[in-house]
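Commentary on secondary and tertiary structure
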Amino acid sequence: MTTNDADIIQAKEPTEPLRDFSIADPYLDWIEREGVPLIVDFAFEDLNTLELGTWERKGGKGAIINIPNDEIPNDSQVVEISPGGKSEPEHHMYETQIYVLSGRGATSLWNDEKEKSTFEWHAGSLFAIPLNAWYQFFNGSGSEPARYIAVTSAPPIMRLYRNDDFVFNNPYVFSERLSPNEDSYSGSGTLYNKRVWESNFVPNAPDMPLFGWKERGAGGVNAMLEMAKNSINLHISEFPVGTYKKAHKHGPGAHLVLLSGDAGYSLLWQKDDRSDMVRANWKAGSMIIVPGAGTVHQHFNSGTRRARYLAMKAGSHGLVKPYGGSYGTGSKSMKDGGAQIEYEDEEREIHSLFEAELAKVGATCNMKAFIPWCTGEAGVTSERDT
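Residues numbered from 1 in each chain as written. Predicted model: local features only at pLDDT ≥ 70, side-chain atom pairs only at ≥ 80, totals over all residues. Heavy atoms only, no water.

**Some words on the pairing of strand β6 (residues 96–102)**
Of all the 7 residues making up β6, 6 are buried; the element is thus mostly covered by neighbouring parts of the structure. Judged from the 4 bridges that link them, β6 and strand β9 (residues 126–129) form a sheet pairing that is antiparallel. Residue pairing for β9: T96 is matched across the bridge by I129. Of the strand pairs in this sheet, β6 and strand β11 (residues 146–152) are connected by 6 bridges, and their pairing is antiparallel. Looking at the pairing, Y99 lines up with I149 of β11. (Buried < 20%, exposed > 50% of the residue type's maximum accessible area, 1.4 Å probe, protein only. Helix = DSSP H or I, 4+ residues; strand = E, 2+ residues; numbered from the N terminus. Pairing = 2+ DSSP bridges.)

Put into structure tokens, the structure is as follows:
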């Protein structure tokens, strides 16, 4: 297990694409034509301070983030709108989920310019852009920039169609994804299966109500999100002070944006002996991207405040529909064919490291109810109230 300071991942400066330029890649070719900075990394200390470059299409500044391997099911785009400014109107054939990092403003959406709907947002708001709908952002402050991160399905779409005109100028209207009914962005929604929230707009994701999810362990709470009928799925999870979540794995490209928490870290590894384990420190405003298929990852709240993150990734929730189905294998033990390592099956050094990190800030480990060799307290049980 390698978790010393040299193994702590730090965000890198923008880099050139990691690719063989003798092989055509329509998606990376598009990024070059856009002239926007490309960052190839999977751990970012603070998205609010990420260096951006001019992005003409967006009418402001921006950068595109890729994970450092060939498995790119999605990307993320960090965009900043200048004080009193607005973005260029655009629409496209890839899906987009947006979280506002800073600032306040409004977004207009339309299929027909005569039927525009507009809603307001601020730092902490989360919303979806319906597929191929027109949209435009407006910064509501005359003195402060507004910044957001968008997770998109651009990579597979650009590689499938290989035609900018088709992707950005396609007239087809997905009327089932956007109606002129402004209530779809009012913050209201419908709850399914006791934990699946269907809504196009979450006004304040860091404080939205969450629901018990004892399968993931240690008093955590969660909400699965279905937004704008998009196939990029989202969930919000929170875990208490002095606790950590069970290790698990899934496909690549899950973007974890930290919504709250003053200190924590994630461990990521692929090899069974964990000889390739790396550690990424995080706090509110950080982002960790699960870089490869089958990467086991585990999240630890080693700070003094509750920690909450937003996860955005391509693919299904494991739900057949929000109206029925199962939650897949994500919370099922690997011993039973699932994708999760139960507390009793993890290596003791995982927990020893966590207790050492808590000791640095004078915090108590609250895992005694789950880890027999924990020297702390039984501070939480399987579930807790919101």
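**Observations concerning the nonpolar core**
Counting residues in hydrophobic clusters, the biggest one holds 36 residues, and the most contacted among them are Y27, W30, I31, I64, W121, F127 and F137. Among the elements that line this core, the one with the most residues is helix α1 (residues 26–34), at 4 residues. Ignoring sequence-local partners within four residues, the contact set of I64 consists of Y27, W30, I31, V36, P37, L38, I39, W55, D75, S76 and Q77. Grouped together as the second largest cluster of nonpolar side chains are 35 residues, L47, A128, A205 and M227 included. (Core = buried A, V, L, I, M, F, W, Y, C linked by side-chain atoms within 4.5 Å. Contact = heavy atoms within 4.5 Å.)

**What to know about the confidence of the model for the chain**
This prediction gives the chain a mean pLDDT of 87; 87% of its residues lie at or above 70. Considering only residues more than four positions removed or in separate chains, one finds that residues 1–19, a stretch of pLDDT under 50, has 50 contacts. Here residues 318–327 scores under 50 on pLDDT; set against residues more than four positions off or in separate chains, the count is 24 contacts. (pLDDT = per-residue confidence, 0-100.)

**As for the sheet that holds strand β7 (residues 104–110)**
The strands making up a sheet associate through backbone hydrogen bonding, with each pair oriented either parallel or antiparallel. The strand order across the open sheet built from 3 strands is β8-β7-β10, with neighbouring strands paired in antiparallel fashion. The open sheet terminates on both sides in strands that have one partner only, identified here as β8 (117–122) and β10 (134–139). Strand-to-strand twist of the sheet, defined as the mean angle between neighbouring strand axes without regard to direction, takes the value 20 degrees. Sheet analysis places β7 next to β10, joined by 6 bridges and oriented antiparallel. Bridge assignment links L109 to a residue of β10, and that residue is Y135. (Axes fitted to C-alpha atoms, helices over the stretch in contact; angles between N-to-C directions.)

**Some remarks on α1**
Among the residues of α1, those classed as buried are P26, Y27, L28, W30, I31 and E34. Contacts made by the buried residues of α1 are with β1 (38–40), β3 (53–55), β4 (60–66), β5 (75–81), α2 (154–161) and α3 (164–169). Where α1 terminates, the next one or two residues include G35, which has phi positive at roughly 70 degrees.

**Some details on the pattern of salt bridges**
In the structure shown here, the tally under the stated rule is 15 salt bridges. A salt bridge links R274 to E349; the nearest nitrogen and oxygen atoms lie 2.7 Å apart. Taken together, the residues R274 in the loop between β19 (264–269) and β20 (278–282) and E349 in helix α4 (residues 348–360) connect sequence positions 75 residues apart. A network of salt bridges, in which partner residues are shared, links D207, E238, R306 and R308. (Salt bridge = Lys/Arg side-chain N within 4 Å of Asp/Glu carboxyl O.)

**Points about the pairing of β9**
Burial along β9 is two-sided: the residues L126 and A128 and F127 and I129 are all buried. Where β9 meets strand β14 (residues 201–202), 2 bridges bridge the pair, whose relative direction is antiparallel. Its bridge partner being in β14, L126 is matched across the sheet by V202.

**Re the environment of P83**
For P83, the position within the fold is in the loop between β5 and β6. Along the sequence, P83 and N139 sit 56 residues apart, while their C-alpha atoms lie 6.2 Å from each other. Setting aside residues up to four positions removed in sequence, P83 forms contacts with N139, S141, G142, S143, E144 and P145.

**Looking at the packing of aromatic side chains**
Applying the stated criterion to the full structure yields 22 aromatic pairs. Here the aromatic rings of Y172 and F174 are separated by 4.8 Å at their centres, their planes lie at 75 degrees, and the arrangement is edge-to-face. Since its relative accessible area comes to 15%, F174 is described here as buried. A connected cluster of aromatic rings, assembled from ring pairs, spans F119, W121, F127, Y135, F137, Y148, Y185 and F201. Over the face of the ring belonging to W55 we find K58, whose NZ or CZ atom lies 5.3 Å from the ring centre. (Phe/Tyr/Trp six-rings, centres within 6.5 Å; stacked < 30°, edge-to-face > 60°. Lys NZ or Arg CZ within 6 Å of the ring centre and 35° of its normal.)

**Observations regarding unusual backbone geometry**
For residues that are not glycine, phi is negative in most cases, and the peptide bond is trans in most cases. Of note in the backbone geometry, N132 takes a positive phi value of approximately 65 degrees without being a glycine. Mapped onto the fold, N132 is located in the loop between β9 and β10.

**A few points about α4**
In this model α4 runs 19 Å from its N-terminal to its C-terminal C-alpha over 13 residues, within 8% of the 18 Å that 1.5 Å per residue would give. Listed in full, the buried residues belonging to α4 are I350, H351, L353, F354, E355, E357 and L358. In this fold, the buried residues of α4 make contact with β19, β20 and β22 (296–300). One or two residues past the end of α4 sits G362, with phi positive at roughly 70 degrees. (Expected span 1.5 Å × (residues − 1).)

**A few points about the packing of α1 against α2**
Between α1 and α2, whose axes approach to 7 Å, the crossing angle comes to 105 degrees. In terms of orientation, α1 lies roughly perpendicular with respect to α2. Of the residues in α2, those touching α1 at P26, Y27, L28 and W30 are A154, P155, M158 and R159. Per-class residue counts for the contact of α1 with α2 are 7 nonpolar, no polar and 1 charged. (Parallel < 35°, antiparallel > 145°, perpendicular 65-115°, else oblique. Nonpolar A, V, L, I, M, F, W, Y, C, P; charged D, E, K, R; others polar.)

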